[in-house]
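One-letter residues, chain by chain:
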Amino acid sequence: MKEMQSTLKESVTFKGLGIHTGHEVTMTVNPAAANHGIVFTRTDVDKESRIPALADNVVDTSRGTTIRKDDVTIHTIEHLMAALAGLHIDNALIEINADEIPIMDGSSVFFAEKFKEIGNKELDEARQYYEIKEKIEFSVPEKGIEINIYPDDHFSVDVMIDYNSKVLGHQYASLPNLDNFVEDISKARTFAFWHELEFLFSNNLIRGGSLDNAIVVVEHEVPQKDVDRLAGLFNKPSIEVKEGYLNNLELHYPNEPARHKLLDLVGDFMLIGKPIKGKVVAKRPGHFANTEVAKKIRQNIKKNRKKSNAPQYDPTKAPVYDVVRIQETLPHRPPFLLVDKIIHLDQERVTGVKNVTMNEPFFVGHFPGSPVMPGVLQIEAMAQVGGILVLNTVEDPENYLTYFLKIDGVKFKKMVVPGDTVVFDLELIEPIRRGLAHMKGKAWVGDTMVMEAELMAQISKVKNK
């Protein structure tokens, strides 16, 4: 039985501080359609700011995972992403009025429990997994970092950490199944060592940090004057060090730091763009290693797509966009609207259908005795399908136009004639940057490729509208 994609049943809003920026944040997680994926949008900036939560968009991992598209940035997304993964939420539009996710208590539990309370809505598209077929390896030997992923029939994670800490010691955490995430992992809070705090404060890196949203590990005896000074930084009348932790913090789990590293990995792996089936064994993982592995898997996914055969078209299945929805998105109209259906649409790929009939007006003058669909119109049809992909990245596509700037590598492999159903399949070659989209497209009739090309397009807002 197929597992279906899901989203939330209704929107939910969270408010809090960004741990590094200290900015007050209001964030709303909204339901989204199948194949939408997880997408962020900044409501505090004037321009369009949709940022897909994908490893391609990761720009910094120094104190958390940061994504950026053009010059719009979202910091510290990993705890929210982990909660979405743990609750099997495939699709969401996340509106946020600042540049950092609220830290809450430093874990995923506030997000996860609220998502669980609201519940999931099943969508009408099957969940697509990336199955690990052979071992994937990543390591940074000089730092003791190692991540290996082995083939398996479901997702599981084993994490080991050892920071040569007499307080933490050697810790191990395991998540045999994502169904255990809320209870076993979501409450694990972020942690830092005492000796890191001075650097973090002096570089304004934890302006929203407090004793309520992080575990502070204290390795050695600390002079009282330093403790008092830190109390002032935390705006506390006093703090104390006891049993290796600041302020006598009660741990949610004996191995909470290891579980938090596992939580981070689950969140960072959500940036693959689809869940994986495989057993992850990680030693001293961190955001850099996690996201590098996520990028590696995404590269494998793209390679596999290129090797795959023609996209499957089932004419009895309801399309993602029918012709009415297409006309609401594209400015084209008959006889120059050359797309009948969109049968697949996500953040990186679109598949559209053109039914070629003898009634096409171009057949009247183009080889009327031996009707063949003009190659330039095949390119135009492909461009219109690609326009749907590009316009899907903005919230109000009716206010934008897509202009194609360049067409490269066009190859016509077989004539398209009346009676053919042409399936156009386009995929982004790289993430959309500054309104520029670079796509690779292929056209198929049945299992035969009839045309291919690379297209570059510019998205532009309609003036005076």
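Refer to the preceding data block for the structure.
Residues numbered from 1 in each chain as written. Predicted model: local features only at pLDDT ≥ 70, side-chain atom pairs only at ≥ 80, totals over all residues. Heavy atoms only, no water.

(A) Representation of the packing of aromatic side chains. All chains considered together, the criterion is met by 7 aromatic pairs. The interplanar angle of 65° and the centroid separation of 6.1 Å between the aromatic rings of Tyr163 and Phe191 together place this pair among those described as edge-to-face. Separated by 28 residues along the polypeptide, Tyr163 in the loop between strand 14 (155-162) and strand 15 (170-175) and Phe191 in strand 16 (residues 191-193) bring together distant segments of the chain. Overall, Tyr163 belongs to the partly exposed group, its relative accessible area being 22%. Using a relative accessible area of 13% as the deciding quantity, one classes Phe191 as buried. Ring centres 6.3 Å apart and planes at 80° place the aromatic pair Phe191 and Phe193 in the edge-to-face group. The rings of Phe14, Phe111 and Phe115 are connected pair by pair, giving a single aromatic cluster. We note Lys277 situated over the ring of Tyr129; from NZ or CZ to the ring centre the distance is 4.7 Å. (Phe/Tyr/Trp six-rings, centres within 6.5 Å; stacked < 30°, edge-to-face > 60°. Helix = DSSP H or I, 4+ residues; strand = E, 2+ residues; numbered from the N terminus. Buried < 20%, exposed > 50% of the residue type's maximum accessible area, 1.4 Å probe, protein only. Lys NZ or Arg CZ within 6 Å of the ring centre and 35° of its normal.)

(B) Representation of the nonpolar core within the structure. Judged by nonpolar contacts, the single largest core of 68 residues is most densely connected at Val29, Phe40, Leu80, Phe115, Ile149 and Val266. Contacts of Phe115, omitting those with residues within four sequence positions, involve Leu8, Val12, Phe14, Val29, Leu80, Ala83, Leu84, Leu87 and Ile89. If you look at the next biggest cluster of nonpolar residues, it comprises 41 residues, including Leu330, Ala381, Ala437 and Ile459. (Core = buried A, V, L, I, M, F, W, Y, C linked by side-chain atoms within 4.5 Å. Contact = heavy atoms within 4.5 Å.)

(C) A look at the sheet that holds strand 25 (residues 436-445). In space, the 6 strands of this open sheet follow the order 21-22-24-25-26-23, with antiparallel pairing throughout. Edge strands, defined here as strands with exactly one partner in the open sheet, are strand 21 (341-345) and strand 23 (400-412). Neighbour-to-neighbour, the strand axes of the sheet open up by a mean angle of 25°, direction not taken into account. For strand 21 and strand 22 (residues 349-355), the ladder comprises 4 bridges, and the chain directions are antiparallel. In the strand pairing of strand 22, His344 is matched with Thr351. Relative to strand 23, helix 9 (residues 375-391) is tilted by about 135°, and along the sheet it contacts strand 21, strand 22, strand 23, strand 24 (421-428), strand 25 and strand 26 (448-461). (Pairing = 2+ DSSP bridges. Axes fitted to C-alpha atoms, helices over the stretch in contact; angles between N-to-C directions.)

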